[in-house]
Amino acid sequence: MTLTIPYIPFWSRVRKKFIGPFIVITLIVLYLYFTENDTFLFYGIIILGFSVIQAIISIASAWTFVNEVKFTEDKIIIGGANINTHWYREFDIKNSQIKIKSEGRGRGKVGYYLTLSSPGQSIDINRTFNWDYTSLLTIFNEFKRLKGEKIIFDEKYFLDIIEKKANGKR
């Protein structure tokens, strides 16, 4: 079984993470500038400082991108890219673990991703929030099925939320 999403180039991923927060902060700072009638130097430095910090955060979060997950009988092969250099990593299912993690992405919005880890390596699937939740459910359930593990209560709770998101109910 192979699950894929379209590849997104590095600078497109960075732009996606950078533009929204940059525009919001710039508009707030410009509003303050025009209402205070103060010198633009102070507000320009605030915008520049925030831009540098946001650029660093955007580059760091867009660095690694996973766009393919392939299951074999005893391995899971993850394909992706660091910046724009493509790679594949193999994880032995018996020696690996999968966890559901979440990240707040604004008021009332929570995004979910999977962390696959084994001794010596770890990778996040959906860290850029480009995978659909149906695919994440499939990856998680297939991994548990191949490993022969049961789904515990904490995982069931997150799986229910992800399933509701996949069906458009949340």
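Residues numbered from 1 in each chain as written. Predicted model: local features only at pLDDT ≥ 70, side-chain atom pairs only at ≥ 80, totals over all residues. Heavy atoms only, no water.

1. Describing the packing of helix H3 (residues 133-147) against helix H4 (residues 153-166)
Axis separation between H3 and H4 bottoms out at 8 Å; the angle between their running directions is 150 degrees. Handedness of the crossing formed by H3 with H4: left-handed. The segment H3 lies against H4, with Tyr133, Thr134, Leu137, Phe140, Asn141 and Lys144 engaging Glu155, Leu159, Ile162, Glu163, Lys165 and Ala166. Class assignment for the residues of the contact of H3 with H4 results in 6 nonpolar, 2 polar and 4 charged. (Axes fitted to C-alpha atoms, helices over the stretch in contact; angles between N-to-C directions. Helix = DSSP H or I, 4+ residues; strand = E, 2+ residues; numbered from the N terminus. Left-handed = near helix turned anticlockwise from the far one by under 90°. Contact = heavy atoms within 4.5 Å. Nonpolar A, V, L, I, M, F, W, Y, C, P; charged D, E, K, R; others polar.)

2. Comments concerning the sheet that holds strand S4 (residues 85-92)
Spatially, 4 strands are ordered S1-S2-S3-S4 in an open sheet, and the strand pairing comes out antiparallel. One side of each edge strand has no neighbouring strand; the edge strands of this open sheet are strand S1 (2-4) and S4. Here the strands of the sheet are splayed against their neighbours by 25 degrees on average, with no regard to which way each runs. Bridging between S1 and strand S2 (residues 64-71) involves 3 bridges; their strand directions are antiparallel. Residue pairing for S2: threonine 4 is matched across the bridge by glutamate 68. Packing of H3 onto the sheet brings it into contact with S1 and S2, and relative to S2 it is tilted by some 50 degrees. (Pairing = 2+ DSSP bridges.)

3. Some words on unusual backbone geometry
The phi dihedral of isoleucine 83 falls on the positive side, at around 55 degrees, and the residue is not glycine. Examined against the element boundaries, isoleucine 83 turns out to sit in the loop between strand S3 (75-82) and S4. When its relative accessible area of 30% is taken as the criterion, isoleucine 83 is described as partly exposed. In this structure, asparagine 126 takes a positive phi of about 80 degrees despite not being glycine. As for its position among the elements, asparagine 126 is in the loop between strand S7 (121-125) and H3. Overall, asparagine 126 belongs to the buried group, its relative accessible area being 2%. (Buried < 20%, exposed > 50% of the residue type's maximum accessible area, 1.4 Å probe, protein only.)

4. Remarks on the pairing of S4
With 8 bridges joining them, S3 and S4 adopt antiparallel strand pairing. Counted as the bridge partner of alanine 81 is histidine 86 from S4. Where S3 folds back on S4, the antiparallel hairpin that results is connected by 2 residues, among which isoleucine 83 adopts a positive phi of roughly 55 degrees.

5. A few points about H4
If you check H4, its first and last C-alpha atoms are 20 Å apart, about what 14 residues at 1.5 Å a residue would give, namely 20 Å. On its buried side, H4 packs onto strand S5 (97-104), strand S6 (110-118) and H3. (Expected span 1.5 Å × (residues − 1).)

6. What about the nonpolar core?
Ranked by size, the top nonpolar core spans 29 residues in total, and within it Val69, Ile78, Ile125, Trp131 and Ile139 carry the most contacts. Counting only elements with at least two residues in this core, the list comes to S2, S3, S4, S5, S6, S7, H3 and H4. With 7 residues, the top contributor of residues to this core is H3. Excluding residues within four positions of it along the chain, tryptophan 131 makes contact with Leu3, Thr4, Ile5, Val66, Asn67, Glu68, Val69, Ile125, Asn126, Leu136 and Ile139. (Core = buried A, V, L, I, M, F, W, Y, C linked by side-chain atoms within 4.5 Å.)

7. Some points on the packing of aromatic side chains
Enumeration over the complete set of coordinates arrives at 8 aromatic pairs. Note on tyrosine 7 and phenylalanine 65: the rings are 5.9 Å apart at their centroids and 75 degrees apart in plane angle, and the pair reads as edge-to-face. Taken together, the residues span a long stretch of sequence, with tyrosine 7 in the loop between S1 and helix H1 (10-36) and phenylalanine 65 in strand S2 at a distance of 58 residues. Residue tyrosine 7 is classed as partly exposed on the basis of its relative accessible area, which comes to 28%. For phenylalanine 65, a relative accessible area of 0% puts it in the buried group. Here phenylalanine 10 and tryptophan 63 contribute two aromatic rings whose centre-to-centre distance is 6.3 Å and whose plane-to-plane angle is 80 degrees, an arrangement assigned as edge-to-face. Of this pair, phenylalanine 10 sits in helix H1 while tryptophan 63 sits in the loop between helix H2 (40-62) and S2, placing them 53 residues apart in sequence. In this structure phenylalanine 10 comes out as buried when scored by relative accessible area, which is 4%. Take tryptophan 63: its relative accessible area is 39%, and that puts it in the partly exposed class. Feature note: the residues Tyr112, Tyr133, Tyr157 and Phe158 constitute an aromatic cluster, connected by ring pairs. Taking NZ or CZ as reference, arginine 89 lies 4.4 Å from the ring centre of tryptophan 87, over its face. (Phe/Tyr/Trp six-rings, centres within 6.5 Å; stacked < 30°, edge-to-face > 60°. Lys NZ or Arg CZ within 6 Å of the ring centre and 35° of its normal.)

Don't take any of this as a statement about function, it's just geometry.
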